[in-house]
Amino acid sequence: MSLDFGIWVEGLVTIAMLSYVWKENPFYRIAEHLYVGISAGHAVVMAWGNIRDAAVKPMQEEGQLVWIIPILLGVLLYSRYFKGISWIARYPVAVMVGIGTGVAVRGAIHGDFVQQISATISVGSVNDILLLVFVIASLSYFFFSRELKGPMGTVPQLGRTVLMVAFGAAFGTTVMGRMALLIGRIQFVLGDWLGIMK
Amino acid sequence: MKNSLPVAIMTVIALIIILDFFVADAPSVQWIKQSGLVLRSWGIVIAAFAMGLGAVNLLRRHTVAISRREPEALYSVVLVGSMVIIIILGIAYGSDHPTYSFLFSNILSPASATMYASIAFYIVTAAYRSFHARSFESWVLLITAVIVMLGKAPIGSVISGFFPTAADWIQAIPNTAGMRAIMMGAALGVVSSAVKMFLGLDRTYLGLRD
């Protein structure tokens, strides 16, 4: 059994978190609130690091006063706490949503659409041909403008089957990923902490 | 003005960032590239302030619970205490401080891993309840999931070499095809949602309901 204080804390947190599987209990609630508190605090520290490195340092060290604008916009977000002027928060939100939408749209057009089509149509083997057929079939399943009947009706049917295979694979991968984490925690509790397992 | 100006600002900013990616590298359009770069770095700073807004909301909710001595105020004390300690340590001494590292490595990391690990139980019980193979498609889903799980577990290759090979093929071909189709559909959805926002048809992000 370990005599390390850190290992004991880690072990107790692990057991408290796992105890929820049996039933919700005060130990789990304490560990849960500790987890939320520390992760939120860590996120704040990381956010402060971003503000310091991206805006405060260039202002202080290089005199780039333009960084006052995003800082001011960030501060204006907090106007939502003051009733009469809460509408001001719409401006920084608009800037943030504009940036987010721009980045999402260019990523969607380039990475999720053009590059995916380009990767799908570059056929060089039997598997590539199968991939092309499966992608077309899957896309046809999402074609709702007109119902495909007769022999063409088999294409969305194949697409539906391909999607089921994809969902099955995604499910299997998720379960195995979670199992790997669980095995890691059990190995820690029985090995590193309690020393039962080598 | 209070409603239409933010929509105009959002549209102009989004279009600059989109154009920044698609315009050529010519000197005449350098201002678009430069503006796009500056706006994206501003986004990091504003998003950091927004993160603080979330933290303030969390602290407000729990400090109210403590001041009202609600039945579960003890848990709020734990949350507020741990949050304040890590914020003070992180901002005053940096994330290299030994206590900060202790909280991160001995509480946050194992709690996070265990939280995700415990989901394994719920996924398996949910699957047991919902995986009634009543149709061809549900059979396909069930069999694929079993093959992929056996393919990824050491026992799969002990039973037969078929499982790892089949799992790899399923992941590489039908899974990629299905996910690619979903991704393309989602990309079109992103673009159409953006157009709706540009036209002012969707203003819910400003807290406005049409």
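Residues numbered from 1 in each chain as written. Chains lettered and ligands numbered in written order. Predicted model: local features only at pLDDT ≥ 70, side-chain atom pairs only at ≥ 80, totals over all residues. Heavy atoms only, no water.

Peer 1: What is the right way to read the overall build of chain A from this model?
Peer 2: From N to C terminus, chain A includes 6 helices and 0 strands. Order of helices (α) and strands (β) in chain A, N terminus to C terminus: α-α-α-α-α-α. When the backbone C-alpha atoms are referred to their principal axes, chain A occupies close to 65 × 60 × 35 Å. Residues counted as buried form 41% of the 198 residues belonging to chain A. The long-range fraction of contacts in chain A, counting pairs at least 24 apart against all pairs at least 6 apart in sequence, stands at 29%. With an accessible surface of roughly 10,900 Å², chain A has 68% of that area assigned to carbon and sulfur atoms. Side chains of chain A give 14 positive and 11 negative charges; the mean places of these two sets differ by 11 Å. (Helix = DSSP H or I, 4+ residues; strand = E, 2+ residues; numbered from the N terminus. Buried < 20%, exposed > 50% of the residue type's maximum accessible area, 1.4 Å probe, protein only. Contact = heavy atoms within 4.5 Å. Areas by Shrake-Rupley, 256 points an atom, 1.4 Å probe, with all protein chains shown as cover. Lys, Arg positive; Asp, Glu negative; His and termini not counted. Charge placed at Lys NZ, Arg CZ, Asp CG, Glu CD.)

Peer 1: Explanation requested: the interface of chain B and chain A in the structure shown.
Peer 2: When the parts come together, some accessible area is lost, and that loss is often what is quoted as the size of the interface. At the interface, 107 residues of chain B touch 104 residues of chain A. Taken together, both faces of the contact between chain B and chain A bury some 9,600 Å²; the carbon and sulfur share is 81%. There are 3 salt bridges connecting chain B and chain A. Residues Asp20(B) and Arg106(A) are paired through a salt bridge, measuring 3.0 Å at the closest nitrogen-oxygen approach. (Buried area = accessible area lost by both parts, 1.4 Å probe. Salt bridge = Lys/Arg side-chain N within 4 Å of Asp/Glu carboxyl O.)

Peer 1: Got a minute to help me understand the pattern of salt bridges in this structure?
Peer 2: When the charged atoms of two side chains lie near each other, side chains of opposite charge can form a pair. Residues and elements named next belong to chain B. Per the counting criterion, the structure on display carries 10 salt bridges over all chains. Measuring nitrogen to oxygen at the nearest pair gives 3.9 Å for the salt bridge that ties Asp20 to Lys33. Here the residue Asp20 occupies a position in helix α1 (residues 4–22), and Lys33 occupies one in helix α2 (residues 30–67), the gap between them amounting to 13 residues. Residue class for Asp20 comes out buried when judged on its relative accessible area of 6%.

Peer 1: Before we go on, may I ask you to explain the packing of aromatic side chains in this structure?
Peer 2: Describing an aromatic ring pair means giving the distance of the ring centres and the angle of the ring planes. A full pass over the atoms with the stated rule returns 9 aromatic pairs over all chains. Between Phe5(A) and Phe102(B) the ring centres are 5.7 Å apart and the planes differ by 5 degrees, which places this aromatic pair in the stacked class. Note that Phe5(A) is positioned in helix α1 (residues 5–18) and Phe102(B) in helix α4 (residues 98–130), a pairing that runs across two chains. Using a relative accessible area of 61% as the deciding quantity, one classes Phe5(A) as exposed. Ring centres 5.4 Å apart and planes at 70 degrees place the aromatic pair Phe162(B) and Phe163(B) in the edge-to-face group. Exposure remark for Phe162(B): the relative accessible area of 48% places this residue in the partly exposed category. An aromatic cluster of at least three residues, connected via ring pairs, comprises Tyr20(A), Tyr28(A) and Tyr122(B). (Phe/Tyr/Trp six-rings, centres within 6.5 Å; stacked < 30°, edge-to-face > 60°.)

Peer 1: Looking at this model, I keep getting lost on a nonpolar patch on the surface. Mind explaining?
Peer 2: On the surface, Tyr20(A), Val21(A), Phe121(B) and Tyr122(B) cluster together into a nonpolar patch covering about 320 Å² of accessible area. Here Tyr122(B) is to be found in helix α4. (Patch = residues over 30% accessible without salt bridge, like charges linked within 9 Å, V, L, I, M, F, W, Y side chains within 5 Å.)

Peer 1: Sorry if this is basic, but what is going on with unusual backbone geometry here?
Peer 2: Phi is mostly negative for residues that are not glycine, and the peptide bonds are mostly trans. Phi angles above zero are rare outside glycine, and Arg69(B) is one such case at about 50 degrees. Summarising the element assignment, Arg69(B) is placed in the loop between α2 and α3 (73–93).

Peer 1: Whenever I open this one, helix α6 (residues 154–193) of chain A confuses me. Can you help?
Peer 2: Within an α-helix, residues lying three or four positions from one another point in the same direction, as the helix has 3.6 residues per turn. Residues and elements named next belong to chain A. End to end, α6 covers 57 Å across 40 residues, agreeing with the expected 58 Å (1.5 Å per residue, within 8%). The principal kink in α6, of about 25 degrees, is found at Gln187. Of the residues flanking the end of α6, it is Gly195, one or two places downstream, whose phi is positive at about 70 degrees. (Expected span 1.5 Å × (residues − 1). Bend = angle between axes of the 7 residues up to and from the residue.)

Peer 1: In this structure, what is going on with the confidence of the model for chain A? I would like to understand it.
Peer 2: Note: predicted coordinates in regions of low pLDDT should not be interpreted at a detailed level. In the predicted model, chain A carries a mean pLDDT of 93, and the fraction of residues at 70 or more is 100%. Mean pLDDT values for the elements of chain A range from 93 in α6(A) up to 96 in helix α3 (residues 68–76) of chain A. (pLDDT = per-residue confidence, 0-100.)

Peer 1: Would you explain the domain arrangement of chain A in this entry?
Peer 2: Residues and elements named next belong to chain A. Examined at the domain level, chain A breaks down into domain 1 (1–63) and domain 2 (126–198). Taken over C-alpha atoms, the centre of domain 1 sits 32 Å from the centre of domain 2. Taken together, the contact between domain 1 and domain 2 spans 10 residues of the former and 8 residues of the latter. Of the roughly 800 Å² buried between domain 1 and domain 2, counting both surfaces, carbon and sulfur atoms make up 73%. Its salt-bridge partner being Glu10, residue Arg185 comes within 3.5 Å of it at the nearest N-O pair. One can count 3 residue pairs in polar contact (both at pLDDT 80 or more) joining domain 1 with domain 2. Class assignment of the residues belonging to the side of domain 1 that touches domain 2 gives a composition of 6 nonpolar, 3 polar and 1 charged. (Domains from an automatic or database assignment. Polar contact = N/O pair within 3.5 Å; in protein donor to acceptor, adjacent residues only side chain to side chain. Nonpolar A, V, L, I, M, F, W, Y, C, P; charged D, E, K, R; others polar.)

Peer 1: Sorry, what's going on with the nonpolar core here?
Peer 2: Counting residues in hydrophobic clusters, the biggest one holds 33 residues, and the most contacted among them are Met10(B), Val45(B), Tyr205(B) and Leu206(B). Those elements that provide at least two residues to this core are α2 (26–62), α3 and α4 (90–121) of chain A together with α1, α2 and α8 (174–198) of chain B. Top contributing element to this core by residue count: α1(B), with 7 residues. Ranked by size, the runner-up nonpolar core spans 18 residues in total, among them Val13(A), Val78(B), Tyr100(B) and Leu108(B). (Core = buried A, V, L, I, M, F, W, Y, C linked by side-chain atoms within 4.5 Å.)

Peer 1: What is the right way to look at the layout of surface pockets in this model?
Peer 2: If a probe the size of a water molecule is rolled over the atoms, the empty space left behind becomes visible. Counted as a void, the largest pocket has a volume near 230 Å³. Along the wall of the largest pocket there are 13 residues; nearest its centre are Arg80(A), Ser86(A), Ala89(A), Arg90(A) and Val93(A). Among the secondary structure elements, those contributing two or more residues to the lining of the largest pocket are α4 of chain A together with α2 of chain B. The residue inventory of the lining of the largest pocket, partitioned by class, reads 9 nonpolar, 2 polar and 2 charged. Here the second largest pocket is characterised by a volume of approximately 180 Å³. Along the walls of the second largest pocket sit Val9(A), Leu12(A), Val13(A), Ile15(A), Ala16(A), Phe27(A), Ile30(A), Ala31(A) and Leu34(A), which together make up its complete lining. Elements that contribute at least two residues to the lining of the second largest pocket include exactly α1 and α2 of chain A. Residue contributions to the lining of the second largest pocket peak at 5 residues, all from α1(A). (1 Å grid on protein atoms, 1.4 Å probe; cavity = no way out; pocket = protein on both sides within 12 Å on 5 of 7 lines; lining within 4 Å. Points joined across faces, edges and corners; volume = space filled by probe spheres on them.)

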